[in-house]
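# What the coordinates show
Next come the chains, spelled out residue by residue.
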Amino acid sequence: MRFIESCLKRQLQKKSYSRGGYYADAIRHSRYTRKPNSVRAFFLSLCMPVTLAVLLNVPVAHAVYESNIIGSSGGRGFQSDCGVGSVLAGVTVLTSSNRMDAIGAWCVNVNSAGRWVGEPEQLGELYGQRFRSSEEGVSLCPRDHAVTGVVGTRGTEGYFVNFAGSVALQCQALTDTTRVTGAEVPLEQLGPNGEGQSSEACLSNYAARGLFGAAGSHVDHYGLLCLDSGDVSGSDDTEDPSNPEVPEEPDSPVERPDLSDELFLIPSVGGSGGRAFDEDCGDDSVLVGLELNMSPNRLDAITGRCVSVNPANGEWRGAVRQLAPLFGGNFGSSENIITQCPQNYAVVGITGGVGTGRFSTSAGGVQLQCQALNSAWTTAGPLEILEFYGPVPAQTVSHACQQGFPARSIYGGAGSHVDYYGFGCLAPNTPVNFKDSGQWSPVLDWPVIAIHAVLTPNGEVLTYGTNDDGVQGAHFYYDLWNPETGEHTLLENTLEVDSFCSAPLIIPETKQIIMPGGDARFGEGFNKGIVDAPILDTDSQSITPASPMSFARWYPTATTLPNGEILVAGGIDGAGNVSVAPEIYSPTQNAWRTLFGAADENVFNDRESRWWYPRHWVAPNGKIFGLAGSLAYYLDPEGDGDIEMVSHPGMSARDYTSTGVMYRPGMILQVGGRAANGAVVIDINGNEPTFREVAPPVAGGRESWSNVVVLPDGSVLLTGGGADENELDGATLTPELWDPNTETWTALPDFKLARLYHSTTLLLPDGRVFMGGGGAPGPLTNTNAEIFTPGYLLDDRGRARPRPEITSDISPQRAGDEIRIPYDSDEPIARVTLIRSGAVTHSFNMEQRFIELDFDANREVVRAALPRDENVLPPGYYLLFLIDADGVPSVAKLVSVEVSPDLRVDGSDSGQTNQSDTQNDDESGADSGSNSDTDNDSNDNTDGSNGTDFVDGDFNPDELILVNSPTVGTQGGRRYSVDCGEGSVLVGVTAWTNRNRMDSISPWCAQVDETGRWLDDPVQMDAYGKRFRSSEIGTTICPENYGVVGFTGSRGTERRYVDYAGSIALKCRALSSSVSAAGVEEALTQLGVTGVGESTVYCADDLVARGLFGGAGAHVDNYGLYCLASE
Amino acid sequence: MGYIALPQNNSLLRCLLLLCLICFGSWCKAASSRPDPFGPVRSSSQLSAALADIKLVDQTGATFNWAQLRGRVVLLNFIFTKCATVCPIQTHQLQKLQQRIAQENPAVPLALVSVSLTPLWDTPDVLSKYAQQYKIPNDNAWRLLTGDVAEVEAMMVALGMKATAGESQQGVKGNLQLSHLTNFYLFDPFGRLKKQYDGTTVASDRLVHDIVRLNHVSQR
């Protein structure tokens, strides 16, 4: 029996693997013929039939195993198993020019003679995503054949080489339901022929029964599910006979946990009323789905779907059955829907809401959450979120069983429609008081590693740091997650600036998020500081560059100042030099100024890695209080800036691996760090900061990379970290809650995954806490997250407690204002608190701070007074919570605190210190008058400047210089410049363009004599940018003896490409000398598509262009003319 | 980036380019062979010390080391005399800057330093002619520097300067190119790097302001 138990456990491992996610990582790269995993394959072939035979009392069936994969790791796991009696007959793939976007299996039933029964059908959905560029192809074996092998490659073109690229199936004639014979029939290749071609085949004479793999935006990898012999003797012709395997000691079976006699009822979805129903699937069964009658605006009827489960391994036994007749009604508008978990999964939660229109008190849309069973009583692994059915309410709610336990019953109330419903879940017998402990969600898939997490002014969570494989690089995604709906929106990084380890925070006056510093630009390697500061507009979801900083910075800290400007300090540049001088960004002028007086080498130093995200807070005295290594200091951002050192007594919490938060105005809690697992309270309210040791965290392991979050009630949640820098050994899974009144810690229930380097934690507007990230580098690649529901939101059984509600949005405020807060609450309001929106990375949240407000309240309205001091309340976005007498907080409203007018720095009186660093030299002859900040900024002249002459005044032919014309496009790419040289002029361009952008550009030059006559044919110069297969080449050249004097151009089209150059149409005139032109203008044909921001640019004073400059990477970011001009 | 135009059949110049490539390669190697993501991190003083060890010669043939600049705010860039695009513009820009400081803030001690990226070609004599072409007096206020390739390479590595030979630029006098970053580097009177600029876009007003403020804070 122990042998069988071992088999069961191994099958469990295999199931986990097929679903992907972290749990699969340890065995992700299983290979049938490799030693470590051949043990498993051997065992699978040995034990699965026996297991099934003994436990299911069914005939022995052939097992399947997974072939080697084609592609690379990443993505969400999938499996398409055609099932017993069927074989894989083909695939559908969606492919683009450089990668595979999606894949799906075609299956066909087979009789004992190997003949197809019926026609092949596509099995379920395609895995991956469909893009506009995707081409669909279907590849099917000849009749009565099955897939037995595949030849495939990864993708092409740099970024896509880590995805799957092509697939070419091989088929053989079937002899029975599982076996094949005869010659291989190769099918046509689908998809691009990329890197790393490999050939994978099933066991000789056996067919494939399905596909498996992993996919996100594209197909990361795929492989075949192959049938094996099912020979329990263990003979296997693929095993290396010289390397006999020894079966591992069988494991113990899953024991029945000590369960509560009562099912745990999750809160219901919908309203109230109707006839009550409560149906239980029964012992050894679980709820695996729902049958619904759904109308467009409400849920008409509901019932559960149950299945018996193998107690030991969680596999379904027998057919899924309807739990009871439908509860509710059936109308002409009703659509019957069955929503059901994948095989061997169970329901563990629900997302839903009320109906729409007049059905707002009935139940509405339904979306099930499923999780893999590992016994009849427990679940594990990532959540599988099913499709949302029915009307989408204004606000959805989500309720879940206790972590690790499935649903077994359905309850509710229904009449003509379903008024409400919920589930009853298995639960442990050990009573848990959720009111005290809170509750963690299951592990949620996340599109990226959340190295950076920012709460946006719209209440969404911005995370970024890697691509969807958890790999750093300039082709990462920004993810916007809506905590209310759970929806993710992925934005492509169109600037190709790698903001890995940057310093994002909200610009108070624009609602935008600036991300100064980071890692590198695309194509320029990794781990080099950069001067870039991309700006993400969360409303338009577009990304544009701010003016670059003066110092390249990798690992800088950003701080919003009381006047709304952004201080950036610390970091290192691309040569490894510490970025010693802090600088300040003026959002109103899009310009930086340097604080030479604060360029303190002792503070911004390599010792103790003090340059690494120094911890900065705006102090009550208006200066910046800083902690770096064992140093403490005040940084004065006024004027030239200054640094004043403060005595630091050397406490048990310090260094760059510590974490800290201003948990009360002027009160800082610093936890952990390389020094020790300690905690220190720092009071910066007085003239001299004071440091005081307090009780250390009780769970230990906070020396590296913990995170702290201040909660609506002012307590501080401590999560993650470990004893060593980035090691699983010593990682702490136990969160703790710090009470600021008693200054003591309370351990809370463990979360699931270690959260070490590059992990983040963020308070959500609904009072829950997001925790994500960890990895790149690290022992785990945490493209996942866990959500903590603190105890203040739950009753002792884990049900949601009634909450106060703020019933209207709050208009923008300023320091000293009184806020009027309409509300609705069963309990009186006891507290009003403000928490600044969060922006966290590397264990430091650069925004969060907690402020308790004085207030008065009647039964409908709370009036709360904001602090008058901007040093206590710097401008920005704050979460406003009402907390009732039971300690339950409302869902917060995000309140904008604006810059006070008397502190605002605007362009009219900024003087020298705020001028743009990127302004062109006024000696070039440019007019730098009233609009000096942007007049000659090559990145800001793309819109609305038709016919602009950028140089003015008389020209002296004896003193000509080359000047940059305004550009078309936006900043980015690698700079290029081509000067035709003395005695030559620019006479044309060749451009490679696509339907939405310019990919590459190349100028043409001609040598001319003193009268302007061409001495020879024009010559094409080097091209800049990349040429794609889809690029169209076009060349325009001035008539003979003409030269280029200007152009009309525009940026690209289609959101993704609007920041690149799009079109160019040259303007030529007859040359009157080697440097000047005269006569009528000749407009050349436009190359490329007209996009946004069309503008026309001329060289000045009849002088001509002598070259081209700009920036280009994968596409042309911008271009302009080198014009001759007088000095 | 700037470009240099060099005759293709000149073996000496090919050698120069090769040295530049070696220089760039060394920089790459230094970056890529770092044992951790950060590699050696230098404080401002450590960078100053590294620069202080570098010995070059100027356009007059006089020996240069950083100690000679002590007490002066320094603005440094990299050029090469055959550069036909960015370098002349920057040289012109620095010339104007020097004049403005002399006229508007004569008490501010400013030193300009332009380091050749092609030191084997840009001998002191060649730099001297370049200085004459741009009317740069030999008064130590503007040092045009050259010297051993290893010394120039050390300065490039210390400051993160990148230069590389471009592709063949067929059609323009049959020449080759050399591309390089166009940064200006601003040092305080103690030789500590305080700021960098994109030399193709920075405004002279900004440079004047920063030089004056840096000199001011360095006095306190």
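Refer to the structure presented above.
First, a word on scope: everything that follows refers to the structure included in this document. Quantities reported herein were computed from a predicted structural model and do not represent experimental measurements. (Residues numbered from 1 in each chain as written. Chains lettered and ligands numbered in written order. Predicted model: local features only at pLDDT ≥ 70, side-chain atom pairs only at ≥ 80, totals over all residues. Heavy atoms only, no water.)

A separate point is the overall build of chain A. A tally of regular secondary structure across chain A gives four helices and 82 strands. Residues counted as buried form 64% of the 1127 residues belonging to chain A. Considering only contacts in chain A between residues 6 or more positions apart, those separated by 24 or more positions represent 65%. Of the roughly 38,700 Å² of accessible surface on chain A, a fraction of 45% belongs to carbon and sulfur atoms. (Helix = DSSP H or I, 4+ residues; strand = E, 2+ residues; numbered from the N terminus. Buried < 20%, exposed > 50% of the residue type's maximum accessible area, 1.4 Å probe, protein only. Contact = heavy atoms within 4.5 Å. Areas by Shrake-Rupley, 256 points an atom, 1.4 Å probe, with all protein chains shown as cover.)

Another aspect to go through is the packing of aromatic side chains. Residues and elements named next belong to chain A. What the rule picks out here adds up to 35 aromatic pairs over all chains. Their ring planes at 65° and their centres at 5.0 Å tell us that W446 and W481 sit as a pair that is edge-to-face. Placement of W446 in the loop between β29 (444-445) and β30 (452-455) and of W481 in strand β32 (residues 477-481) is noted, with a sequence separation of 35 residues between them. A single burial state applies to W446 and to W481, both of which are buried. The lysine or arginine in question, R298, covers the ring of F331, its NZ or CZ lying 4.9 Å from the ring centre. Positioned above the aromatic ring of F359, the side-chain terminus of R298 is 4.8 Å from the ring centre. (Phe/Tyr/Trp six-rings, centres within 6.5 Å; stacked < 30°, edge-to-face > 60°. Lys NZ or Arg CZ within 6 Å of the ring centre and 35° of its normal.)

All right, on to the sheet that holds strand β4 (residues 86-95) of chain A then. All names here are of chain A. The strand order across the open sheet formed by four strands is β6-β5-β4-β7, and the pairing between neighbours is antiparallel. Every interior strand has two partners, whereas the edge strands, β6 (116-128) and β7 (135-140), have only one. This sheet shows a mean twist of 20° between the axes of neighbouring strands, independent of strand direction. Pairing between β4 and strand β5 (residues 100-110): nine bridges, direction antiparallel. Across the sheet, the residue bridging to V87 is V108, located in β5. (Pairing = 2+ DSSP bridges. Axes fitted to C-alpha atoms, helices over the stretch in contact; angles between N-to-C directions.)

Residues and elements named next belong to chain A. Of the two faces of strand β31 (residues 461-464), both are covered, the one formed by V461 and T463 as well as the one formed by L462 and Y464. With four bridges connecting them, β30 and β31 associate as antiparallel partners. Its bridge partner lying in β31, A453 is registered against T463. Count of turn residues in the β30/β31 antiparallel hairpin: five residues, of which G459 carries a positive phi of about 85°.

Residues and elements named next belong to chain A. Per the stated rule, a full pass over the model turns up 10 disulfides over all chains. The side chain of C341 participates in a disulfide bridge whose partner is C370; the two sulfur atoms lie 2.0 Å from each other. Between C341 and C370, the S-S torsion sits near -80°, and that sign places the bridge as left-handed. Taken together, the residues span a long stretch of sequence, with C341 in the loop between β21 (335-340) and β22 (345-354) and C370 in strand β23 (residues 363-373) at a distance of 29 residues. Each of the two residues, C341 as well as C370, counts as buried. (Disulfide = S-S within 2.5 Å.)

All right, on to the sheet that holds strand β54 (residues 736-739) of chain A then. All names here are of chain A. Sheet architecture is open: four strands sit in the order β52-β53-β54-β55, paired in antiparallel fashion. Where the open sheet ends on each side, the last strands, each with one partner, are β52 (707-710) and β55 (744-747). Strand-to-strand twist of the sheet, defined as the mean angle between neighbouring strand axes without regard to direction, takes the value 25°. Where strand β53 (residues 716-719) lies against β54, three bridges are found, and the strand directions are antiparallel.

All names here are of chain B. Two elements in contact, helix α3 (residues 86-104) and helix α6 (residues 204-219), have axes whose closest approach is 10 Å; the angle formed by their N-to-C orientations is 50°. With respect to α6, the axis of α3 lies oblique. Classified by chirality, the crossing of α6 by α3 is right-handed. Judged by residue contacts, Q93, L97, R100, I101 and E104 of α3 engage S204, D205, L207, V208 and I211 from α6. Of the residues in the contact of α3 with α6, the class split is five nonpolar, two polar and three charged. (Parallel < 35°, antiparallel > 145°, perpendicular 65-115°, else oblique. Left-handed = near helix turned anticlockwise from the far one by under 90°. Nonpolar A, V, L, I, M, F, W, Y, C, P; charged D, E, K, R; others polar.)

The next thing to look at is the side chain of A:N374. Among the structural elements, A:N374 can be located in the loop between β23 and β24 (379-385). In this structure the side chain of A:N374 is engaged in a polar contact, spanning 2.4 Å, whose partner is the side chain of A:T378. (Polar contact = N/O pair within 3.5 Å; in protein donor to acceptor, adjacent residues only side chain to side chain.)

Here the residue pair A:A776 and A:P777 is connected by a cis peptide bond, since its omega of 5° sits within 30 degrees of zero. You can see A:P777 is positioned in the loop between β57 (769-773) and β58 (784-789). Phi is positive for A:E496, close to 60°, though the residue is something other than glycine. Among the secondary structure elements, A:E496 is positioned in the loop between β33 (488-492) and β34 (497-498). On the basis of relative accessible area, A:E496 is assigned to the buried category, the value being 10%. Non-glycine residue B:N140 carries a positive phi angle of around 70°. In this fold, B:N140 is placed in the loop between α4 (124-133) and β6 (142-145). For B:N140, a relative accessible area of 40% corresponds to the partly exposed category.

The alternating pattern of strand β44 (residues 615-618) of chain A places A:R615 and A:W617 and A:H616 and A:V618 on opposite faces, both of which are buried. Between β44(A) and strand β45 (residues 624-628) of chain A, which pair antiparallel and follow one another directly, the connecting turn spans five residues, one of which, A:G622, has a positive phi of 90°.

We now examine the pattern of salt bridges. All names here are of chain A. The full count for this structure, using the stated rule, is 37 salt bridges over all chains. Residue R115 pairs with D144 through a salt bridge whose shortest N-O separation is 3.9 Å. Of this pair, R115 sits in the loop between β5 and β6 while D144 sits in the loop between β7 and β8 (145-154), and the two are 29 residues apart along the sequence. Note that R814 and E898 form a salt bridge whose closest N and O atoms lie 3.7 Å from each other. Taken together, the residues R814 in the loop between β59 (805-806) and β60 (818-824) and E898 in the loop between β66 (893-897) and β67 (948-949) connect sequence positions 84 residues apart. The class for R814 is partly exposed, based on a relative accessible area of 32%. Connected through salt bridges with shared partners, the residues D280, D283 and R408 form a single ionic network. (Salt bridge = Lys/Arg side-chain N within 4 Å of Asp/Glu carboxyl O.)

Moving on, we come to the nonpolar core. In this structure, A:F625, B:L76, B:F78, B:M155 and B:L159 are the most contacted members of the largest nonpolar core, which totals 138 residues. Sequence-distant contacts of B:L159, that is, excluding residues within four places in its chain, are made with A:A575, A:N577, B:L47, B:L51, B:L76, B:F78, B:Y185, B:F187 and B:L193. By size, the runner-up hydrophobic cluster in this structure holds 48 residues, among which are A:A679, A:W738, A:L763 and A:F850. (Core = buried A, V, L, I, M, F, W, Y, C linked by side-chain atoms within 4.5 Å.)

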